[in-house]
Amino acid sequence: HSDLSTIEGARPRPLPTVIGHEGAGVVAEVGAGVTDVAVGDHVVFIFAPSCGTCRQCVSGRPNLCTTFNSAKQKGDLATGGRRLKLNGQEVAHYAGLSCFAELAVVPRNSVQRIPKDVPFEDAALFGCAVVTGVGAAVNTAETKAGDVVAVVGLGGVGLSCLLGARVAGAGRIIAVDVNDEKLALARQLGATDTFDARDPECVAKIVAATDGGVDTAFEMAGTVKAMDLAYKITVRGGQTVSAGLSPVAGQFSVQHYGMVQDGRTVKGSYMGGCVIARDVPRYIGLYKDSKLPV
């Protein structure tokens, strides 16, 4: 979906570019300075690597690395410059990866080694959907045992968030979407309640069913309408967490007075607040134990 947003112009990036921000593969070659990844290793791509030295990295938030973000906006690799050309002309890297291709040249910090027995079609998801969704529930929201949560938007990231809330011990998980098949899948994966966002009474029904709203509402659809719904179903004193990326011109507004009076928290969650070297192995371990059936 992120790549599609660039194709459609909703998320502008330097062009021309080779898209692809979520994938997995086998290391074919390594540069002279690379010693901890070897030819033949299986890896997942990381769309937000960390430099380890910028202000955000040293403060424990490597997912918000400013060095990488600056390079990404220019279509460069995190280590600087470009390695792609077409007819002699430089081509931009997408998220420093450009992995919708047979071969990709990426910096060492843009890959994470994984066990070789994880199928690639599953492994790829750990580069974006899983870390973003599970991380939002576990890291950003710090979901606690017994919490009442809602996930608005049941794509790959939303369903991963649902699974993350389950792993964290949420007592009640409400799933909200406009697609009946996704709502059915959410029930199979552990949602205790499902609501159709197309219903004009959807917000009122959720608030009534949860005695005033949910402790944490996760917006995972990437639309302002979904964010508005998520905010409205959050209980007084609760938090609304968004990992969705709406078009850059989108604006979400809140009533300032009400936010203060209700003691609300609104959080953005980028890449699930994950520390990749810590969280990807953890999540793959849960996957192998059938606790994250991605």
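Before reading further, recall that the structure is shown in the block above.
Residues numbered from 1 in each chain as written. Predicted model: local features only at pLDDT ≥ 70, side-chain atom pairs only at ≥ 80, totals over all residues. Heavy atoms only, no water.

Describing unusual backbone geometry
In this chain, L15 is followed by P16 through a cis amide linkage whose omega measures -5°. With respect to the element layout, P16 can be found in the loop between α1 (2–7) and β1 (17–18). You will see that D211, though not glycine, has its phi angle at about 55°, which is positive. Here D211 shows up in the loop between α8 (202–209) and β10 (214–219). Of note in this structure, M271 is not a glycine but carries a positive phi near 55°. As for its placement among the helices and strands, M271 is situated in the loop between β12 (265–268) and α11 (276–288). (Helix = DSSP H or I, 4+ residues; strand = E, 2+ residues; numbered from the N terminus.)

A look at the packing of helix α5 (residues 129–140) against α11
The geometry of α5 relative to α11 is characterised by a closest axis approach of 11 Å and an angle of 100° between their N-to-C directions. Between α5 and α11, the crossing angle belongs to the class labelled roughly perpendicular. Of the residues in α11, those in contact with V130, V131, V134, G135, V138 and N139 of α5 are I276, R278, D279, V280 and Y283. Class assignment of the residues belonging to the contact of α5 with α11 gives a composition of seven nonpolar, two polar and two charged. (Axes fitted to C-alpha atoms, helices over the stretch in contact; angles between N-to-C directions. Parallel < 35°, antiparallel > 145°, perpendicular 65-115°, else oblique. Contact = heavy atoms within 4.5 Å. Nonpolar A, V, L, I, M, F, W, Y, C, P; charged D, E, K, R; others polar.)

Section: the nonpolar core
Counting residues in each nonpolar core, the largest one holds 58 residues, and the members touching the most others are L162, F218 and Y283. Elements supplying a minimum of two residues to this core: β3 (42–45), β6 (111–114), α5, β7 (148–152), α6 (156–168), β8 (172–177), α7 (180–188) and α11. A total of six residues in this core trace back to one element, the largest contributor, which is α11. Residues contacting L162, with those up to four places away along its chain left out, are V151, I173, A175, A186, L189, G190 and A191. Counting residues in each nonpolar core, the second largest holds 13 residues, with C202, L229, A230 and I233 among its members. (Core = buried A, V, L, I, M, F, W, Y, C linked by side-chain atoms within 4.5 Å. Buried < 20%, exposed > 50% of the residue type's maximum accessible area, 1.4 Å probe, protein only.)

Digging into the state of the cysteines
Applying the stated criterion to the full structure yields zero disulfides. With no disulfide partner, C128 has as its closest neighbouring cysteine sulfur the one in C99, 9.9 Å distant. The structure places no disulfide on C161, whose sulfur is separated from the nearest cysteine sulfur, that of C274, by 12 Å. (Disulfide = S-S within 2.5 Å.)

No statement about biological role is implied by the geometric values presented.
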